[in-house]
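# Geometric and topological summary
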Amino acid sequence: MSNALIKRWEPEDPVFWQETGSLIAKRNLWISIPCLLLAFSCSIVWSIVVLKMPLVGFSYTKDQLFLLTALPSLSGATLRIFYSFLPSMMGGRKWTTISTASLLIPAIWLGYAVQDPTTPYPVMLIIALLTGFGGGNFASSMANIAYFFPKAQKGYANGMNAGLGNLGVSIAQFVMPLAITVGMFGAFGGNPQALPNGGEIWLQNATFVWVPFVIAATLAAWFGMNDLASAKASFAEQAVIFKRKHNWLMCWLYLGTFGSFIGFSAGFMLLSKTQFPDVDPTKVAFIGPLIGALIRPLGGMVSDKLGGARVTLGIFVGMVVAVLGVLSFLPGASGAGSFMGFFLCFLALFLLAGIGNGSTYRMIPTIFSTLAMREAKGRDAASIKEAEADGARESAAAAGFISAIGAYGGFIIPQTFGFSMKATGAAEAALYAFIVFYVSCAALTWWYFARKNAEMPC
């Protein structure tokens, strides 16, 4: 039997945790984080690539460019539905290795495709869909790490894994504009592309820059992580979450928090360029995702003290106000607008979404553990222990599935902006639609989770 497979895992046992479990769990967490960070970095590459494609000879319309930024989130969200169950079926170590290695396929293919302006648009659509491999990894990563830590530290572990993993978005949006300005891979990297102003860029480096790191992370996962025998579960055992009403409620709320984070990350630069053509958004676009990622662990910690539902409710109220602020600074009949005001309101949205990511993820284990214990109430000690295991298994599966639904925001938001601009010539209709959605999230949070005598206080 390989040492990579751990047969006994009892994180709730203080002695086991102190002597054995803590070190193993933390090692798996600290390998999982860079794997997830790279997944997010690779999933967001189109946000930079689409800005430069028209400059190097690609004659795509605005609608086509918005679609390229949105498709990775569409495929990534769909893959998350399946990925969320795979760590328990295949083993966390094995699946993390496979899913991290899969990032190489779109990264290398896109790097070569952008060097040829005659690359057919359908080919670019296929590559954009494959870029969703990165987005899919979040579900399996979160489901896997949830098994390693005791209840008292699940919020910390989830916050660190998700928060530092989300940093991949901002790191990518900071690194890629720099990487494309220099030739760093010699003959392997290909020739530069000429710009209209006489300059040169290596657009392929937006993806090639991640390749050596992905290879290193894949090796680290294979040689450094573990599979847990106790985490093994069939799809049927995990599928009970689909019968849980609260699973679907949390899908809606997480669409409002993480969906906003990844959707605005994908669409902010292109939206900024269409609204303020004289501004270069690549210089500041990384700041919003950076704030959202760094603040996420704080959202979980604050929720530990105040309650996840209360924090989440406040977040959605704040997001309504922030979107109203964005609307007030857009250019229109009343004037040229203000990019600084527009940008600051978007920073507020990233900040709130980041806190909400942490608070909603803090709600999930509480909800499913409570449901399992309610069903075991009045039974013997063995049944209660079994219910605890069922709650942990359902919580892990739900966390992955809920993240899948939330990730559709990365597709919905850029596409909503695209539809709004095509139908009305402006972005206002999309923003008003977001306000209506955030109001619905606030109402659901209050009714089911935050009010006095709520059905599931958490």
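Residues numbered from 1 in each chain as written. Predicted model: local features only at pLDDT ≥ 70, side-chain atom pairs only at ≥ 80, totals over all residues. Heavy atoms only, no water.

## With respect to the nonpolar core
The nonpolar side chains of a soluble globular protein tend to be buried with one another. Within the largest apolar cluster, 128 residues are counted, with the highest numbers of intra-cluster contacts made by Trp-46, Met-53, Met-124, Phe-417 and Phe-449. Of the residues forming this core, the biggest block, 17 residues, is contributed by helix α17 (residues 339–375). Residues within four places of Met-53 in sequence aside, it is in contact with Trp-46, Phe-58, Tyr-60, Leu-68, Met-124 and Leu-203. Grouped together as the second largest cluster of nonpolar side chains are 18 residues, Ile-6, Ile-33, Phe-148 and Met-160 included. (Core = buried A, V, L, I, M, F, W, Y, C linked by side-chain atoms within 4.5 Å. Buried < 20%, exposed > 50% of the residue type's maximum accessible area, 1.4 Å probe, protein only. Helix = DSSP H or I, 4+ residues; strand = E, 2+ residues; numbered from the N terminus. Contact = heavy atoms within 4.5 Å.)

## With respect to the packing of aromatic side chains
One pass over the full model with this rule turns up 41 aromatic pairs. When the centroid spacing of 6.2 Å and the interplanar angle of 80 degrees are considered together, the rings of Phe-138 and Tyr-361 count as edge-to-face. Within this pair, whereas Phe-138 is found in helix α8 (residues 132–148), its partner Tyr-361 is found in helix α17, the two being separated by 223 residues in sequence. Here Phe-138 falls in the buried class, since its relative accessible area comes to 0%. The interplanar angle of 85 degrees and the centroid separation of 5.5 Å between the aromatic rings of Phe-417 and Phe-434 together place this pair among those described as edge-to-face. In this pair, Phe-417 sits in helix α19 (residues 409–424) while Phe-434 sits in helix α20 (residues 428–450), placing the two residues 17 residues apart along the sequence. Neither residue differs from the other here; Phe-417 and Phe-434 are each classed as buried. If you follow Arg-451 out to its NZ or CZ, it ends over the ring of Trp-447, 3.8 Å from the centre. (Phe/Tyr/Trp six-rings, centres within 6.5 Å; stacked < 30°, edge-to-face > 60°. Lys NZ or Arg CZ within 6 Å of the ring centre and 35° of its normal.)

## As for the pattern of salt bridges
Inspection of the entire model under this criterion finds eight salt bridges. For Arg-8, the salt bridge goes to Asp-13, with nearest N and O atoms at 3.8 Å. Look at Arg-8 and you get partly exposed, because its relative accessible area is 46%. Of the charged contacts, one joins Arg-244 and Glu-394 as a salt bridge, the two residues approaching to 3.1 Å between their closest N and O atoms. Placement of the pair is Arg-244 in the loop between α13 (235–238) and α14 (245–275) and Glu-394 in helix α18 (residues 381–407), with a sequence separation of 150 residues. Each of Arg-8, Glu-10 and Asp-13 takes part in salt bridges that share partners, so that together they form one network. (Salt bridge = Lys/Arg side-chain N within 4 Å of Asp/Glu carboxyl O.)

## A word on the side chain of Ser-73
Here Ser-73 is to be found in helix α3 (residues 62–83). A polar contact is formed between the side chain of Ser-73 and the backbone oxygen of Gly-410, at a distance of 3.4 Å. (Polar contact = N/O pair within 3.5 Å; in protein donor to acceptor, adjacent residues only side chain to side chain.)

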